[in-house]
Amino acid sequence: MAAGRCLTMTGGHGWFIGREADGVDELRKAAREQLKAGADVIKIMATGGVMTKGVEPGSPQLSMEEMAAAVEEAHKAGKKNSNSCPRNTRY
């Protein structure tokens, strides 16, 4: 299974290897781009992580609405999603 580039907020966790997107419409478009490129899984960076300098690990990075848009696009295409959430963070 190929996940393609992770979806992250501008300057968020994994920005240097991911597809930066802000807002519901941009997350939806970013998910569609990854599906078009052949991704089997849409990877979402839900929170900050330890591998990105200047990002607070565990801090919320995408809204529920933004994540829902990306997940919806994955499911419409018969694909799955994966979320990176290294700490037990509540939304």
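How each quantity is defined
- Residues numbered from 1 in each chain as written.
- Predicted model: local features only at pLDDT ≥ 70, side-chain atom pairs only at ≥ 80, totals over all residues.
- Heavy atoms only, no water.
- Phe/Tyr/Trp six-rings, centres within 6.5 Å; stacked < 30°, edge-to-face > 60°.
- Axes fitted to C-alpha atoms, helices over the stretch in contact; angles between N-to-C directions.
- Helix = DSSP H or I, 4+ residues; strand = E, 2+ residues; numbered from the N terminus.
- Parallel < 35°, antiparallel > 145°, perpendicular 65-115°, else oblique.
- Left-handed = near helix turned anticlockwise from the far one by under 90°.
- Contact = heavy atoms within 4.5 Å.
- Nonpolar A, V, L, I, M, F, W, Y, C, P; charged D, E, K, R; others polar.
- Expected span 1.5 Å × (residues − 1).
- Buried < 20%, exposed > 50% of the residue type's maximum accessible area, 1.4 Å probe, protein only.

**A look at the packing of aromatic side chains**
The description of an aromatic ring pair uses the distance of the two centres, along with the angle that the planes make with each other.
Step number 1: Following the criterion strictly, the structure yields one aromatic pair and no others.
Step number 2: Each ring, one from Trp15 and one from Phe16, has its centre 5.7 Å from the other, and the planes form 85 degrees; the classification is edge-to-face.

**Remarks on the packing of helix H1 (residues 24-36) against helix H2 (residues 64-76)**
Step number 1: Put simply, H1 and H2 touch, their axes get as near as 8 Å, and they point 30 degrees apart. In terms of orientation, H1 and H2 fall into the roughly parallel class. The crossing of H1 and H2 is right-handed. Note on element contacts: H2 touches H1 through Glu65, Glu66, Ala69, Ala70, Glu72, Glu73, Ala74 and Lys76, opposite Val24, Leu27, Arg28, Ala31, Arg32 and Leu35.
Step number 2: The class makeup of the residues in the contact of H1 with H2 is seven nonpolar, no polar and seven charged.

**Describing H2**
Step number 1: Counted at 1.5 Å a residue, the expected span for H2 with its 13 residues is 18 Å, and the 18 Å between its end C-alpha atoms agrees.
Step number 2: What H2 keeps buried is the set Glu66, Met67, Ala69, Ala70, Val71, Glu73 and Ala74.

Treat this as a map of the structure, not an account of what it does.
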